[in-house]
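# Descriptive analysis of the structure
Each chain, letter by letter, is given below.
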Amino acid sequence: MMTATVLRSLRAREILDSRGHPTIAVEVTLGAGTRALAAVPAGASTGAHEAHERRDGDQERYHGRGVRQAVQAVEGEIQDAVIGLDAMDQRVVDDALNELDGTSDKSRLGANALLGVSLATARAAAQCQGIPLYRHLGGLTARILPAPFMNLLNGGAHARNRLDVQEFMIVPSGASTFGEALRWGAEIFHVLADLLAEAGHGIGLGDEGGFAPPLDSTEDAIEFLLRATERAGYQPGEQVGIALDAAAGELLDNGRYRLKGEDLALEAGGLAAYWTALVDRYPIVSIEDPFGDDDWNAWQAFAATEGNRLQIVGDDLFVTNVDRLDRGIRDRAANALLAKPNQVGTLSETLDAIRTAAAAGLSVIVSHRSGETEDTTIADLAVGTGSGQIKTGSLARGERTAKYNRLLAIEDELGSGAQYAGWQALRRGR
Ligand code: PGA
Ligand code: ZN
């Protein structure tokens, strides 16, 4: 008789992500008949060193973005390779996926195909045991609810405005529970809509559900967040921090960082001074990707001067890759990791990166992508790893609220055992 948790079959299909582009969903069936589904997200401001996302390139379908080849790979050679493995042995399954692919960047089979299988395996294993995914991932002691980094104003590659910074976030860390933090965020979000309307701006939404008004200055955007926070009845700094994702790799233009809203073209030193002036002026607690993906010297210099008062987050710098993270730890290039499973392509490698970062004293933010689905795995990943921080967009659009609603359900289920991370997980040091 087949063991209950053994992988019996894989199915995959092309579905749509939140931008209306195709992505892959994978369904795993175990020996006992348990079935679980996982869907893979996709970035827009992707890092140069991310694992390879396989797209068909057939211009006749979805403008070349189809993922039929990835679907076929899952149902063909990947299924042949993993059938009979135990879903409880996540590492064995993920190793088999890597071995089968045989490349360092997962370019043969595609990181999207592999991640779908990897995540669906974990979901099926949890379901088969009758336990929630965060418990399967984090064991008996998992109980920390993350502080949400809520992206209320969208710019950069996520909006068609002139804002250079990609994400303007609020972090309601002063709340006492996740549920309260979520309420504060939603209240601030709605006040922000009023303020933007009063100023005569449209309130269309960007890719991550934040507003994408036609603002062109970073200061302007931050001022709107501060005013919305205050008018909603909360104290900026004390109760609600500001966080930015510069996604500065997207700003590089002929070796300089071009801020089109500000009409500036800066060397790394000039850009560092620009960030420092903002941090002097506003209650900014965290900046992600302040420099480009390979501008290690700029990162290092900035972390040396600002790392003691600011969380400096490597997203496109680290791409959830242990080798790049090791270098960043050695060089003290950043004090936080943004963890995105699809940047590396398996759950085990994502967990490796999170563990490596935590062991070196870096903080961790578990993160969505700008192109998302209804899949809520990252909510469980944040609780399971106790990351204490999550970035999953604004307070609108179902693919964003799905993760928040999952966190509410987890907080509910944990009852008095739940603990909201608040400011605790935010790293400001070294
Ligand atoms: P992406 O953006 O998913 O488009 O890469 C998210 C981020 O940069 O953090
Ligand atoms: Zn980023």
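Before reading further, recall that the structure is shown in the block above.
This structure is a prediction, so every number in the text was calculated from the model and none was measured. (Residues numbered from 1 in each chain as written. Chains lettered and ligands numbered in written order. Predicted model: local features only at pLDDT ≥ 70, side-chain atom pairs only at ≥ 80, totals over all residues. Heavy atoms only, no water.)

## Some words on the overall build of the protein
Quick note on the threshold: Numbering of helices and strands runs from the N terminus; a helix is a DSSP stretch of H or I covering at least four residues, while a strand is a stretch of E covering at least two. In this treatment the radius of gyration is a C-alpha quantity, and the globule benchmark scales as 2.2 Å times the residue count to the 0.38 power. Exposure categories follow from relative accessible area, calculated using a 1.4 Å probe and restricted to protein chains: below 20% of the type maximum is buried, above 50% is exposed, and the middle band is partly exposed. Pairs of residues are marked as contacts when any of their non-hydrogen atoms sit within 4.5 Å. Here the Shrake-Rupley method, with its probe set to 1.4 Å, supplies the accessible areas, and only the displayed protein chains count as covering residues. Charged residues are defined here as Lys and Arg on the positive side and Asp and Glu on the negative side; His and the ends of the chain fall outside this count. By convention, the charge on Lys lies at NZ, on Arg at CZ, on Asp at CG and on Glu at CD.
Counting its secondary structure elements, the protein contains 13 helices and 16 strands. Radius of gyration (C-alpha) of the protein: 21 Å, near the 22 Å computed for a compact globule of 430 residues. Principal-axis analysis of the C-alpha atoms places the extent of the protein at approximately 65 × 50 × 45 Å. When burial is assessed residue by residue, the protein has 59% of its 430 residues classed as buried. If you take every contact in the protein between residues at least 6 apart in sequence, the share linking residues at least 24 apart comes to 71%. As displayed, the protein offers around 15,600 Å² of accessible surface, 46% of which is attributable to carbon and sulfur atoms. Here the protein contributes 41 positive and 60 negative side-chain charges, whose respective centroids are spaced 2 Å apart.

## Regarding the sheet that holds strand β11 (residues 284-288)
Note the cut-off: In this analysis, strands are considered paired if DSSP registers two or more bridges between them. The axes used here are C-alpha line fits, helices contributing only the stretch in contact, and every angle between their N-to-C directions lies in the interval 0 to 180 degrees.
With mixed pairing, the eight strands of this closed barrel are ordered in space as β5-β6-β7-β11-β12-β13-β14-β15. When the angles between neighbouring strand axes are averaged without regard to direction, this sheet yields 25 degrees. In the sheet, strand β7 (residues 241-245) pairs with β11 via four bridges, with the strands oriented parallel. If you follow D245 over to β11, its bridge partner there is E288.

## Remarks on the packing of aromatic side chains
What counts is decided by this rule: Centres within 6.5 Å make a pair out of two Phe, Tyr or Trp rings, where for Trp the six-membered ring is used; the pair is then stacked when the planes are under 30 degrees apart, edge-to-face when over 60, and tilted otherwise. We count a charge as sitting over a ring when the NZ of a lysine or the CZ of an arginine lies within 6 Å of the ring centre and within 35 degrees of the ring normal.
Tallied over the entire structure, the rule returns seven aromatic pairs. Between Y274 and W275, the ring centres sit 5.3 Å apart and the planes meet at 65 degrees, which makes this aromatic pair edge-to-face. Owing to a relative accessible area of 12%, Y274 belongs among the buried residues under this scheme. On the basis of relative accessible area, W275 is assigned to the buried category, the value being 0%. On the numbers, 5.4 Å between centres and 75 degrees between planes, the contact of F291 with F302 is edge-to-face. Highlighted residues: F291 in the loop between β11 and α8 (296-306) and F302 in helix α8, separated in sequence by eleven residues. Each member of the pair F291 and F302 is classed as buried. Ring-pair connections join several aromatic residues into one group, and the members of that group are Y257, F291, W299 and F302. Taking the ring centre of F224 as reference, the NZ or CZ of R227 above it sits at 4.6 Å.

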